[in-house]
Amino acid sequence: LPAKLINGGVAGLVGVTCVFPIDLAKTRLQNQQGQAVYTGMRDCLIKTISTEGLLGIYRGAAVNLTLVTPEKAIKLAANDFFRHLLSQDGKELSLAKEMLAGCGAGTCQVVVTSPMEMLKIQLQDAGRLGEKGLAAASSHPPPGQPYPSVSTAPSQRPSATVIARDLLHSQGLAGLYKGLGATLLRDVPFSIIYFPLFANINKLGQKSPEEKASFLHSFLSGCVAGSVAAVAVTPLDVLKTRIQTLKKGLGEGTYSGITDCARKVWTHEGPAAFMKGAACRALVIAPLFGIAQGVYFVGIGEYVMGFFK
């Protein structure tokens, strides 16, 4: 177990550092309503760098880097635990049991994922509101009604600590777990799809049940399974992102729950809105899980634990 935790933590840190800017673009694209500030991922990243500097594309990364280790560790270790629990006499798991193990892993990780996503989204989306405010001010804002935007000035940018403190003070622990249902609705199906799909694709690269697949095959298996699962649950990710976003721009809707959010998105933006950020999400998740499986293959955790024997 300690080796699995180390592997999951290292994989999470490396993966998040590599793909976080794309994740930021995904959040901002998913939150766009009405007049779009960004035309796509590339436009979003260019505008973010030009207005907020190079570090702007890593807004909220500290939260992820702090909590991604326990999140990835819990997810990967829990999946292994449930697979072992459901296996009988070393026999291969049926697809139904593989999906059940993935369901258990997804449920366990939400304990860390939900507050992490809640804080990360506020930090990532602040710049979008600032951009939208500037765009509205430069066109034709309502007389005497300046657009309520979030300044991108460094001194006025929100921090994860301040957001967490305010939420705990005003709403208690429940404030940090706003959108818990939506997070479960996204992460549990993701794990149900990802883990069995990875296991079966990875198995194709094994010459025998006792032999590991090659590093490249494990890496590509993680990428393929991750991207398929990511795209499949994108509509649920859109709902989660909208519900967990606390600050809204002018004319942007507020939601009382998952059903209300889904109904309003469908009515006001059409079915295509449920796939906003799908390409970005696939580009984030594919290397993230490819790296995770690569780290597991190399066995960094086992190597580290060898020093304590």
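By convention here, each chain's residues receive numbers from 1 onward along its written sequence. The predicted nature of this model means local features are confined to residues of pLDDT at least 70 and side-chain atom pairs, given and counted, to a pLDDT of 80 or more, with totals for whole chains, interfaces and linings taken over all residues. Side-chain descriptors were evaluated using all non-hydrogen atoms of the structure, hydrogens and water having been removed beforehand.

The name given to the chain in an unreviewed UniProt entry is Mitochondrial glutamate carrier 2, and the organism recorded there is Phrynocephalus forsythii. UniProt positions are given in the numbering used here, feature names are shortened, and annotations may be inferred rather than shown by experiment. We quote the UniProt Subcellular location (unreviewed entry) comment for the chain here in full: "Mitochondrion inner membrane".

1. Thoughts on the environment of Gln-35
In DSSP terms, a helix is any run of H or I states spanning at least four residues, a strand is any run of E spanning at least two, and both are numbered starting from the N terminus. One can find Gln-35 in the loop between α1 (2-31) and α2 (41-52). With 216 residues separating them along the chain, Gln-35 and Gly-251 place their C-alpha atoms 9.9 Å apart.

2. Topic: the side chain of Lys-240
In this structure, Lys-240 sits in helix α9 (residues 234-244). Whether two residues are in contact is decided by their heavy atoms: any pair within 4.5 Å suffices. With near-sequence residues (within four places) excluded, Lys-240 lies in contact with Glu-117, Ile-121, Ala-182, Thr-183 and Arg-186.

3. Observations concerning empty space enclosed by the protein
Both site types are read off a 1 Å grid over the protein atoms alone. A 1.4 Å probe that fits but cannot get out defines a cavity, while an open set with protein on both sides within 12 Å along at least five of seven lines defines a pocket; lining residues have an atom within 4 Å of a point. Grid points are joined across faces, edges and corners, and a volume is the space filled by probe spheres set on the points. Under the defined criterion, the tally for this structure stands at one cavity of 30 Å³ or more. In this model, the largest cavity occupies a volume close to 330 Å³. Along the wall of the largest cavity there are 24 residues; nearest its centre are Lys-72, Glu-117, Arg-186, Ile-285 and Leu-288. Elements supplying a minimum of two residues to the lining of the largest cavity: α1, α3 (61-86), α4 (95-138), α7 (180-203) and α11 (278-298). Charged residues are taken to be Asp, Glu, Lys and Arg, nonpolar residues to be Ala, Val, Leu, Ile, Met, Phe, Trp, Tyr, Cys and Pro, and polar residues to be all remaining types, Gly included. For the lining of the largest cavity, the class distribution of residues is 10 nonpolar, three polar and 11 charged.

4. Here we look at the packing of α1 against α9
Two packed helices can be described by the angle between their axes and the distance between those axes. Axis angles are defined between N-to-C directions and span 0 to 180 degrees, where every axis is a line fitted to C-alpha atoms and, for a helix, only to the segment in contact. Contact geometry for α1 and α9: axes closest at 9 Å, N-to-C directions at 80°. By the angle between their axes, α1 is roughly perpendicular relative to α9. Note on element contacts: α9 touches α1 through Thr-234, Asp-237, Val-238, Thr-241 and Arg-242, opposite Lys-26, Thr-27, Gln-30 and Asn-31. Residues that form the contact of α1 with α9 fall into these classes: one nonpolar, five polar and three charged. Convention used here: angles under 35 degrees read as roughly parallel, angles over 145 as roughly antiparallel, angles from 65 to 115 as roughly perpendicular, and any remaining angle as oblique.

5. Thoughts on helix α8 (residues 215-232)
End to end, α8 covers 26 Å across 18 residues, agreeing with the expected 26 Å (1.5 Å per residue, within 8%). For α8, the complete set of buried residues consists of Ser-218, Ser-221, Gly-222, Cys-223, Ala-225, Gly-226, Ala-229 and Ala-230. The length a helix should cover is 1.5 Å for every residue beyond the first. To sort residues, take the accessible area from a 1.4 Å probe on protein chains only and compare it with the maximum for the residue type: under 20% means buried, over 50% means exposed, and anything in between is partly exposed.

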